[in-house]
Amino acid sequence: MNAGAITLTLNGKARALPGELTLPELLTTLGVDRRLIAIAVNGEIVARDRYESVALRDGDSVEVVRMVGGG
Amino acid sequence: MNAGAITLTLNGKARALPGELTLPELLTTLGVDRRLIAIAVNGEIVARDRYESVALRDGDSVEVVRMVGGG
Amino acid sequence: MNAGAITLTLNGKARALPGELTLPELLTTLGVDRRLIAIAVNGEIVARDRYESVALRDGDSVEVVRMVGGG
Amino acid sequence: MNAGAITLTLNGKARALPGELTLPELLTTLGVDRRLIAIAVNGEIVARDRYESVALRDGDSVEVVRMVGGG
Amino acid sequence: MADDELTIASKSFGSRLMVGTGKYGSPEACVAALDASGAEIVTVAIRRLDLDNPQARTELDYIDWQRYTILPNTAGCKTAEEAVFTARLARELTGSSWLKLEVIPDPRYLLPDPIGTLQAAETLVKEGFVVLPYIHADPVLARHLEEAGCATVMPLGSPIGSGRGIFTLEEVQIIIENAGVPVIVDAGLGAPSDAALALEVGADAVLVNSAIARAKDPALMAESFRLGVEAGRKAFRAGRIERKTEASATSPVEGITSMSTRG
Amino acid sequence: MADDELTIASKSFGSRLMVGTGKYGSPEACVAALDASGAEIVTVAIRRLDLDNPQARTELDYIDWQRYTILPNTAGCKTAEEAVFTARLARELTGSSWLKLEVIPDPRYLLPDPIGTLQAAETLVKEGFVVLPYIHADPVLARHLEEAGCATVMPLGSPIGSGRGIFTLEEVQIIIENAGVPVIVDAGLGAPSDAALALEVGADAVLVNSAIARAKDPALMAESFRLGVEAGRKAFRAGRIERKTEASATSPVEGITSMSTRG
Amino acid sequence: MADDELTIASKSFGSRLMVGTGKYGSPEACVAALDASGAEIVTVAIRRLDLDNPQARTELDYIDWQRYTILPNTAGCKTAEEAVFTARLARELTGSSWLKLEVIPDPRYLLPDPIGTLQAAETLVKEGFVVLPYIHADPVLARHLEEAGCATVMPLGSPIGSGRGIFTLEEVQIIIENAGVPVIVDAGLGAPSDAALALEVGADAVLVNSAIARAKDPALMAESFRLGVEAGRKAFRAGRIERKTEASATSPVEGITSMSTRG
Amino acid sequence: MADDELTIASKSFGSRLMVGTGKYGSPEACVAALDASGAEIVTVAIRRLDLDNPQARTELDYIDWQRYTILPNTAGCKTAEEAVFTARLARELTGSSWLKLEVIPDPRYLLPDPIGTLQAAETLVKEGFVVLPYIHADPVLARHLEEAGCATVMPLGSPIGSGRGIFTLEEVQIIIENAGVPVIVDAGLGAPSDAALALEVGADAVLVNSAIARAKDPALMAESFRLGVEAGRKAFRAGRIERKTEASATSPVEGITSMSTRG
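Scoring rules and cut-offs
- Residues numbered from 1 in each chain as written.
- Chains lettered and ligands numbered in written order.
- Predicted model: local features only at pLDDT ≥ 70, side-chain atom pairs only at ≥ 80, totals over all residues.
- Heavy atoms only, no water.
- Helix = DSSP H or I, 4+ residues; strand = E, 2+ residues; numbered from the N terminus.
- Buried < 20%, exposed > 50% of the residue type's maximum accessible area, 1.4 Å probe, protein only.
- Contact = heavy atoms within 4.5 Å.
- Areas by Shrake-Rupley, 256 points an atom, 1.4 Å probe, with all protein chains shown as cover.
- Lys, Arg positive; Asp, Glu negative; His and termini not counted.
- Charge placed at Lys NZ, Arg CZ, Asp CG, Glu CD.
- pLDDT = per-residue confidence, 0-100.
- Polar contact = N/O pair within 3.5 Å; in protein donor to acceptor, adjacent residues only side chain to side chain.
- Pairing = 2+ DSSP bridges.
- Buried area = accessible area lost by both parts, 1.4 Å probe.
- Salt bridge = Lys/Arg side-chain N within 4 Å of Asp/Glu carboxyl O.
- Nonpolar A, V, L, I, M, F, W, Y, C, P; charged D, E, K, R; others polar.
- Least-squares fit on C-alpha atoms with pLDDT ≥ 70 in both.
- Right-handed = clockwise from strand over helix to strand, strands pointing away.
- Expected span 1.5 Å × (residues − 1).
- Axes fitted to C-alpha atoms, helices over the stretch in contact; angles between N-to-C directions.
- Phe/Tyr/Trp six-rings, centres within 6.5 Å; stacked < 30°, edge-to-face > 60°.
- Lys NZ or Arg CZ within 6 Å of the ring centre and 35° of its normal.

Visitor: Kindly report on the overall build of chain E, identifying the contributing residues and their values.
Guide: Of regular secondary structure, chain E possesses eight helices and 10 strands. Taken along the three principal axes of its C-alpha coordinates, chain E extends 95 × 40 × 40 Å. The proportion of buried residues among the 263 residues of chain E is 63%. Sequence separation of at least 24 residues holds for 64% of the intrachain contacts in chain E that already meet a minimum separation of 6. Working note: accessible area of chain E is about 8800 Å², and carbon and sulfur atoms make up 45% of it. Charge separation in chain E, taken as the distance between the mean sites of 25 positive and 35 negative side-chain charges, equals 3 Å.

Right under this line is the structure:
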């Protein structure tokens, strides 16, 4: 993909990355097991079977959530 | 005013009247003391100082309310 | 035993009997199963194994009680 | 009165006194205003008008009480 | 106690007891009770004039309205729309924009509708009404109404006319803790102890109708509530003691006498 | 309300609030609170005079005793024997035979001993005392004490000084229903709503100490209790409404207006 | 839970629910309810045999007494003397010295006499009875009865058969805090939540009769009480949370997601 | 009791106790408690993955999810919009459309927003969610939510985690009386007696988290709640006795023996 460095907002924190990448590439980079999470990009939920189609660009905001104990 | 007989809905009940009339004429006909009431015609409140300008026509709905004991 | 007629108070009611008798005789007369009861004569509890020794005389008061449902 | 030294128990505490004395003498010695108190000697209440008749001897126990705030 | 007035929409009142005018046995009983209550704010309802008998007098004709701030209600309205309509009629009638807002769809427990009440309140505030909404004792709803510009909130103690007291005490206390407008406990109070309790926990006022109107002696009960409200308010200001699990002696624990005999 | 006096042992009182004199922050606070309370009966305790400082003044020296019926208690006594002894001292001190009888073996909750209290009451009644016994809210015990000749019964609301109100309300109501002597709720009242409630259910009077003495502003709290007691008594006489499960409208259910438009 | 037995007078029980045998609609209902309750201690009353019909069977004839510890009561006795007499008859009848002591002079609320109960208890303990006295929830009285040698104390929750639950909860908790013998809450329990509550605050057992016998389905209600008692006991052992005024989130307050859009 | 199942959105459950998974001291404690509770519906929260430690395990990884219906909540959401967003993430995560809807603007008492909750519910129902909304115990609001298509209503007993029990009992009973969907009492339950009470008055289920998770022995407390819920449900079905003011003897009032001596 594009060679220019980008900055994403991941779970509310800025994170610099070397260049644009797909969602699966991001998850691999982060070491995240995609079976246990859900993802929203720029406030839109991304269905699990559509991860491959999502390219992340500079300024994108990504939320990665999981289940935790709660009442 | 117009000579034809009309029917008004007064406080929810139909009432036949000999012809069109103004609001003050209606109050006089009914024997109502206008100091103690408020009026709506066809769902619109009529300010006390505008009674004279209201001509009632066949099919009009008039609500005449007063204060009563309440909590 | 003695031949004269007597009156006992049985559970609060007067009962005439042909003559003095022992407690077991009274129970037999009344048709009472002694296994299910306790007895007081003149306000004193009579132990089950002492029934035979109790002779009832005119004016004696006998209480015959049993268990019933209670809370 | 008698010249020998005595010990009284006054409100639970031992107190040595030079010799036997009457109740009024004790009160004077203690600086107590007799109008505001009640007295028991050896567990017996002493009426106010009988103070003069009470002679205190060695070993006597004297309670001097007053009113205080209470609920 | 000129320094302890109740202020609603910039208007100050010495009394913290508001009373209703419904359900009295006679006009005289109503007038006597209002008088004995010391109330300065009095609620009324809006109803159709009986056109078959338009001159008929009601209890309200016996009241000296110079003495009271009149507070018309929208009782009987089941929707926000009906309440707004009735409110406008009420303003036309009374010449005052004060309004006790009631939106009550439920005929059995007469519980108010949070959604409809908020909608109506928003409309009426924009139209310049001084809105005192009758609400369930829901602290978040109370906050919405305050933000919508209501002059007070009026959480219910228990269902209207039930006389069951304040079964929403815990929630009312949370409302009070958070409120920036006066909190008036309305509905369900049965006796002056209920009113006193409301004031003690910091409510600014109470509104009472049935408990007075349906008492055996309404004027005496009105006086009782007046006293109860004063008692509760003064106790609030006086700072009550904490509740403790254990006892705490009121008489000194030292210096207890003993019937000691000779040593 | 000269026709609504409280009568104890043939002596009549206009006030139904009795107050204690313990635990005030200062003598002035005590005097001001007694004054504000309107009380006519005031309790005191009996303690040893401090012989090291026999002229020391106490709060009681500041009180105008002409105004009050003094009611000495036997607080601190753990047995009937001690209570009888203290009672006799109290009579000698005060010149009055009125006595608030307390026999309290338990230091933690300060709960009274039914057995010891009854024994002491029997003795003291025979000696001519006017006995007002402090008791657990036990209706059968109350009956025993009445039969023993006590002038009142004084069931507790909750532990002394706890401020928890009347957690014995149900039992107190049974005592009132059966009693032939005045019933005075004593101990545990925390605020005027508690006092009002006691009177509303028919108690003849209440006795309050800690809730006044330990309030932030004792005189204002005393006034609050005075008002609360009056409120409760008047409400009792005025006949409160019944409690109902469902609501009952205070505004008419007929004649509700409608925003009907042209037919 | 062999390690959590109830021990009364050296006899151990797995169940903490005692049941009465009065007021059932039929003997079959009684037997089924006893069975479903899991109770091991069962109360009975002592009454005159009907001499006009001495062979008549009662519900008790349907019960397998091998399964239960029988606990005769002295219900109906108004004085200590009557209770002692009935206790002796009961021992003769049952061959057991266990006794639920009731001295109840009051027919309306069936409240026990503290004085008479203590007198009878003292006599019966000397005669070797295992005495379980039914008492008002008076902590000092409970202490007297324990000192007199009673095997338990049985404070009432509310009047017998009233189904009002434990309106003496505060006092019962004080009794439990001080008691050296098992505390059994008796009378007035209306539903298993009442029983659970008693056990949760540390009562050792409860005794239930009317709430089961007069339920629409006594056997199902008996099972409910069995479960409620187990629930309450286990909760007591499990250590309940404290009550707090404010909330405390159950879901984490950190890491809340946000629908942030492009920066 | 296969004939007494709880049905929510056409899915049937044998257990009427739902449990949360928050606030446990350890994953093992959580798993043991879930097991002991007998629950079939289990709530979870949705939170950001810790990207600095994305493999970290949580208590949820220890749970066998085959056994439970998972119920994600929207805890932490202050607005309808946030809740809808979180709901969609939750559905993506769990593959299930069941949702416990929470819209809570207030951090102190964690009380839900009636307006925001209704808005979010309307949106989510349209999107096919099975919505179980957490609400204040407001009967009119409950009716709105039912009309909006919610699968249940979940009125609060008292603030989340407070352990204060059901201080909204009166309102909850009105909700139950009117509801056409299951009523689940959520939040504030402190002990099994609270849960039993909810079921006894007709609630269909309860949801418990803090009272179990923060108990000294969570698994034992979970078992207690399981028993308490069963007790309450069975008592509801068994038909409890009415509450009465006066007593009603459980032993026969006739046939009482007398120690009569010779006539």
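Visitor: Account for the confidence of the model for chain E, with residues named and values stated.
Guide: For chain E, mean pLDDT is 93; residues scoring 70 or higher make up 99% of the total. Here the prediction assigns the complex a pTM of 0.91, and the interface score ipTM is 0.89.

Visitor: Tell me about the side chain of F:Thr21, residues and numbers included.
Guide: Note that F:Thr21 resides in the loop between strand E3 (17-20) and helix H1 (27-37). F:Thr21 gets classed as buried once you look at its relative accessible area, which sits at 0%. Of the polar contacts made by the side chain of F:Thr21, one reaches the backbone oxygen of F:Thr43; its length is 2.8 Å. Leave out the neighbours within four places in its chain, and F:Thr21 touches D:Val68, D:Gly69, D:Gly70, F:Cys30, F:Leu34, F:Val42, F:Thr43, F:Val44, F:Glu59, F:Leu60, F:Ile63 and F:Asn209.

Visitor: So what about the sheet that holds strand E8 (residues 154-155) of chain H? Which residues, and what values?
Guide: Residue and element names in this part refer to chain H. Reading across from one edge, E6-E7-E8 is the order of the three strands in this open sheet, with parallel pairing throughout. Each end of this open sheet is capped by a strand with a single partner; those strands are strand E6 (98-101) and E8. The pairing of strand E7 (residues 130-135) with E8 spans two bridges and is classified as parallel. The partner of tyrosine 134 across the bridge, within E8, is methionine 154.

Visitor: Can you tell me about the interface of chain H and chain A, naming the residues and giving the values?
Guide: How big an interface is tends to be expressed through the accessible area that disappears when the partners come together. Across the boundary between the two partners, chain H contributes 31 residues, which contact 27 residues of chain A. The contact between chain H and chain A buries some 2500 Å² in all, and 62% of this surface belongs to carbon and sulfur atoms. At the surface where chain H touches chain A, the tally comes to two salt bridges. The shortest N-O distance in the salt bridge between A:Arg66 and H:Asp61 comes to 3.7 Å. On the surface where chain H and chain A come into contact, there are 14 residue pairs in polar contact (both at pLDDT 80 or more). Those elements giving two or more residues to the side of chain H that touches chain A turn out to be strand E4 (41-48) and helix H2 (80-94) of chain H. Its residues assigned to classes, the side of chain H that touches chain A shows 13 nonpolar, nine polar and nine charged. Bridge count between strand E7 (residues 61-69) of chain A and E4(H): five bridges; the pairing is antiparallel. Across the sheet, residue A:Val68 finds its bridge partner in E4(H), namely H:Ala45.

Visitor: Give me the relation of the copies chain E and chain F: which residues, what numbers.
Guide: Between the two copies, chain E and chain F, the superposition gives an RMSD of 0.0 Å; the rotation angle is 180° and the shift along the axis is 0.0 Å. This pairing of chains is accounted for by a two-fold axis. It is E:Ser193 whose C-alpha, among those of chain E, lies nearest the rotation axis, at 2.2 Å. With an isologous cut-off of 70% or more, the 100% of interface residues of chain E that recur at the interface of chain F puts this contact in the isologous class.

Visitor: Would you mind going over the pairing of strand E7 (residues 130-135) of chain E in detail, with residue names and values included?
Guide: Residue and element names in this part refer to chain E. Extensive coverage of E7 is indicated by the burial of six of its six residues. Of the two faces of E7, the one holding Val130, Leu132 and Tyr134 and the one holding Val131, Pro133 and Ile135 are both buried throughout. Here strand E6 (residues 98-101) pairs with E7 via four bridges, running parallel. Paired with leucine 99 across the two strands is valine 131, which belongs to E7. Running through helix H3 (residues 114-126), the crossover from E6 to the neighbouring parallel element E7 is right-handed. Taken together, E7, helix H4 (residues 139-147) and strand E8 (residues 154-155) constitute a β-α-β crossover, and its handedness is right-handed.

Visitor: Run through the interface of chain E and chain F, naming residues and quoting values.
Guide: Between chain E and chain F, the residue contacts involve 68 residues of the former and 68 residues of the latter. Regarding the contact of chain E and chain F, the summed buried area is about 5900 Å², with carbon and sulfur atoms giving 61% of it. Linking chain E with chain F are four salt bridges, by the criterion used here. As a salt-bridge pair, F:Arg108 and E:Glu246 come within 2.5 Å of each other at their nearest N and O atoms. Linking chain E to chain F there are 36 residue pairs in polar contact (both at pLDDT 80 or more). For the side of chain E that touches chain F, the secondary-structure elements that each account for two or more residues are strand E4 (41-48), helix H2 (80-94), helix H6 (192-200), helix H7 (210-213) and helix H8 (218-238) of chain E. A breakdown of the residues in the side of chain E that touches chain F according to their chemical character gives 26 nonpolar, 21 polar and 21 charged.

Visitor: Got a sec to walk through the pairing of strand E10 (residues 205-208) of chain G? Specific residues and values, please.
Guide: All names here are of chain G. Alternating positions in E10 separate into two faces, Ala205 and Leu207 on one and Val206 and Val208 on the other, with burial throughout. Where strand E3 (residues 17-20) meets E10, three bridges bridge the pair, whose relative direction is parallel. Paired with methionine 18 across the two strands is leucine 207, which belongs to E10. Pairing analysis gives three bridges linking strand E9 (residues 184-186) to E10, with the strands arranged parallel. Residue valine 185 lies in a different strand from E10, and its bridge partner there is valine 206. At this point the chain moves from E9, through helix H6 (residues 192-200), to the parallel E10, and the crossover so formed is right-handed.

Visitor: Which residues make up H8(E), and what are the values?
Guide: Look at H8(E): 30 Å from first C-alpha to last across 21 residues, which is about the 30 Å you get at 1.5 Å a residue. Directly after H8(E), the chain includes E:Gly239, whose backbone phi takes a positive value near 80°.

Visitor: Break down the sheet that holds strand E6 (residues 98-101) of chain G for me, with residues and values.
Guide: Residues and elements named next belong to chain G. With parallel pairing, the three strands of this open sheet are ordered in space as E6-E7-E8. Because the sheet does not close on itself, it has two edges, and the strands there are E6 and strand E8 (154-155). Across the sheet, helix H3 (residues 114-126) lies against E6 and strand E7 (130-135), angled at about 175° from E7, the strand it touches most.

Visitor: Outline the packing of aromatic side chains, supporting the account with residue identities and numerical values.
Guide: Enumeration according to the criterion identifies eight aromatic pairs over all chains in this entry. Here the aromatic rings of F:Phe13 and F:Trp98 are separated by 5.9 Å at their centres, their planes lie at 75°, and the arrangement is edge-to-face. One end of the pair, F:Phe13, is in strand E2 (residues 11-13); the other, F:Trp98, is in strand E6 (residues 98-101), with 85 residues separating them in the sequence. Ring plane angle 75° and centroid distance 6.3 Å describe the contact between G:Trp65 and G:Tyr68, whose orientation is recorded as edge-to-face. Residue class for G:Tyr68 comes out buried when judged on its relative accessible area of 10%. A cation over a ring is seen here: E:Arg57 above E:Tyr62, with NZ or CZ 4.8 Å from the ring centre.

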